[in-house]
Amino acid sequence: MAEPPAFLSAQDVGSFAYLTMKDRAPQILTKAIDTLHRHKNEFFEKHGEKGMEAEKKAISLLSKLRNELQTDKPINPLVDKCIDTDIWNQYLEYQQSLLSESDGKPSWFHSPWLFVECYMYRRIHEAIIQCPPIDDFDVFRECKDKNFFESQESISILCTHLQQLTRSIEDLDENQLKSEFFKLLQISLWGNKCDLSLSGGKSSSQKTDVVSSLEDLKPFIVVNELEHLWTLLSRYRKTRAKASAVRMDIVLDNSGFELVTDLVLADFLLSSKLAAEIHFHGKTIPWFVSDTTLHDFSWVIEQVKHCGDKLMFQCGVGWENHVKMGRWAYHDHVFWTLPHAYCSMPQVAPDLYAELQKSCLILFKGDLNYRKLTGDRKWEFTTPFHQALEGFHPAPLCSIRTLKAEVQVGLQPGQAEQLTASEPNWLTTGKYGIFQFDSPL
Ligand SMILES: O=P(O)(O)OC[C@H]1O[C@](O)(CO)[C@@H](O)[C@@H]1O
Ligand SMILES: [Mn+2]
């Protein structure tokens, strides 16, 4: 077998990876520092002088981190004592081992982009947890909450759509059910436009009615393998005995509007009896600005319930019930916030891999998941998705992602060239999307 291609890296001047590390990453750190600063009074009210000192220390650690990044310093081992600290430091040693002696140490602009970008978020976490009593402060919470409130109108439209659909679900024939399923999947896809790390933490909420825009957005789906999902699920549905045992997993991405689109889809999967249980996978620590943590997951459900809108209230109550009754289960695992590509999961997190093997279908939401599925490598655009997964085949899976990084596989010959000709930045603006399916052979 030929060696897989090189990793994307900020070493490639002018690449999206380079621009992210040069411009967006420092901006995100500056914003985190500013957020801490603005909460100074709150820390004082809650914790007195100790809160103020902690704020100062956190700011100085984050400023130091920003300086290391901007001056391309070597990547330092983590100094905290969390369950993943050793794994991170071993990974850093592994990166070191890939370099020859004359290369020196792995540094911000001379290491795989996936590694250094993940490392930055892990270092933000390290900075905060070193600063009790404010060690549980999520520097990104404010942005996530803001995204939810600014998208409230769209969320209300979505909830209304879901409630109407649920009421008529028993009357839908096979084709109608399929068409509704595809609609909700597309809503969940376009919900992925709203992440906050691409915009450097600036507002990126959903303000238009995505339900009625779906037809107009269809030409922007560059890989559409939704038919495979339907074939798989309708097969389960027909073999009745199995239907009650259909488990689906959603590896979540962003909180706020995107999370609501995922919950709406998950609700439909149950009410349509396409699935009997949904397992969500979120992050254990604040991650890539807008990613969902357990707190965000519960918060969003609670907010939907208390928005003052009757149909949203019904959705919120229904979702709370799914959780209570175990039809929805939220899991988090430290693996999702490690820098490893998913092909390493069987070795690094065998328990998680075994868990995913129980699934009938795993949906991977978002761009970062795609980068980890494909190892964030410079694959040819026509490389088969199955090959780029490099052995990661726990169960049938589908990536649902808008394109925000220079990695894409499984395209038709000539397709990438055509896209480049019509829109040079098609890989990174989030305007295009994919549904890319893979099944174990
Ligand atoms: O929320 P998503 O869809 O995973 O996107 C996060 C994205 O952030 C970026 O890293 C930019 O910082 C993208 O390239 C990327 O993968
Ligand atoms: Mn994200």
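Just so we're clear, the structure is a prediction, and the values are computed from it rather than from any experiment. (Residues numbered from 1 in each chain as written. Chains lettered and ligands numbered in written order. Predicted model: local features only at pLDDT ≥ 70, side-chain atom pairs only at ≥ 80, totals over all residues. Heavy atoms only, no water.)

Let us look at the overall build of the protein chain. In terms of helices and strands, the protein chain carries 19 helices and seven strands. Computed over its C-alpha atoms, the radius of gyration of the protein chain comes to 22 Å, within 12% of the 22 Å expected for a compact globule of 441 residues. Projecting the C-alpha coordinates of the protein chain onto the three principal axes gives extents of approximately 65 × 60 × 45 Å. Split into buried and exposed, the 441 residues of the protein chain put 58% on the buried side. As displayed, the protein chain offers around 18,500 Å² of accessible surface, 53% of which is attributable to carbon and sulfur atoms. (Helix = DSSP H or I, 4+ residues; strand = E, 2+ residues; numbered from the N terminus. Rg over C-alpha atoms; globule rule 2.2 N^0.38 Å. Buried < 20%, exposed > 50% of the residue type's maximum accessible area, 1.4 Å probe, protein only. Areas by Shrake-Rupley, 256 points an atom, 1.4 Å probe, with all protein chains shown as cover.)

For the rest of this paragraph, the subject is the coordination of the manganese ion (ligand 2). Each protein donor to the manganese ion (ligand 2) is listed here as Asp253 (OD), Asn254 (OD1) and Asp291 (OD); together their distances run 2.1 to 2.2 Å. Here the donor residues of the manganese ion (ligand 2) share one chain and are spaced in sequence as D-N-x36-D. Here the residue Asp253 occupies a position in the loop between strand S2 (247–251) and helix H12 (257–271), and Asp291 occupies one in the loop between strand S3 (277–282) and helix H13 (294–305), the gap between them amounting to 38 residues. (Donors = N, O, S within 2.8 Å, 3.2 Å for Na, K, Ca; no water.)

Structurally, Asn147 can be placed in helix H6 (residues 141–150). What makes Asn147 buried here is its relative accessible area of 3%. Engagement of the side chain of Asn147 in a polar contact is seen with the backbone nitrogen of Phe257, the distance being 3.0 Å. (Polar contact = N/O pair within 3.5 Å; in protein donor to acceptor, adjacent residues only side chain to side chain.)

So, about the nonpolar core. Formed by 81 residues in total, the largest nonpolar core has its most connected members in Leu36, Trp108, Met345 and Phe392. With 11 residues, the single largest contributor to this core is helix H5 (residues 113–129). Three or more residues apiece are contributed to this core by two domains, here domain 1 (16–129) and domain 2 (141–438). Residues Val211, Leu229, Trp230 and Phe268 belong to the second largest nonpolar core, which totals 61 residues. (Core = buried A, V, L, I, M, F, W, Y, C linked by side-chain atoms within 4.5 Å. Domains from an automatic or database assignment.)

What follows covers the environment of Leu19. Examined against the element boundaries, Leu19 turns out to sit in helix H1 (residues 16–38). Excluding residues that lie within four positions of it along the chain, Leu19 makes contacts with Gly14 and Arg24. (Contact = heavy atoms within 4.5 Å.)

Let's shift gears to the pattern of salt bridges. Across all of its chains, the model carries 30 salt bridges by this definition. Across the pair Asp34 and Arg38 runs a salt bridge, and its minimum N-O distance is 3.2 Å. Of the two residues, Asp34 and Arg38 both sit in helix H1, four residues apart, roughly one turn of that helix. By relative accessible area, which is 38% here, Asp34 ends up partly exposed. In this structure, the salt-bridge partner of Glu227 is Lys178, at a minimum N-O distance of 3.0 Å. With Glu227 in helix H10 (residues 226–238) and Lys178 in helix H8 (residues 174–191), this pair connects stretches of sequence that are 49 residues apart. (Salt bridge = Lys/Arg side-chain N within 4 Å of Asp/Glu carboxyl O.)

In terms of domains, the protein chain is made up of domain 1 (16–129) and domain 2 (141–438). Taken over C-alpha atoms, the centre of domain 1 sits 28 Å from the centre of domain 2. Every contact between the two is made by 22 residues of domain 1 and, on the other side, 27 residues of domain 2. Both sides together, the interface formed by domain 1 and domain 2 hides about 2,100 Å², and carbon and sulfur atoms give 69% of it. Considering only the side of domain 1, the residues that lose the most area to domain 2 are Phe16, Leu114 and Tyr121, jointly responsible for 31% of the buried surface there. At the boundary of domain 1 and domain 2, one finds two salt bridges. Those elements giving two or more residues to the side of domain 1 that touches domain 2 turn out to be H1, helix H4 (85–97) and H5. When grouped by side-chain class, the residues that make up the side of domain 1 that touches domain 2 number 12 nonpolar, four polar and six charged. (Buried area = accessible area lost by both parts, 1.4 Å probe. Nonpolar A, V, L, I, M, F, W, Y, C, P; charged D, E, K, R; others polar.)

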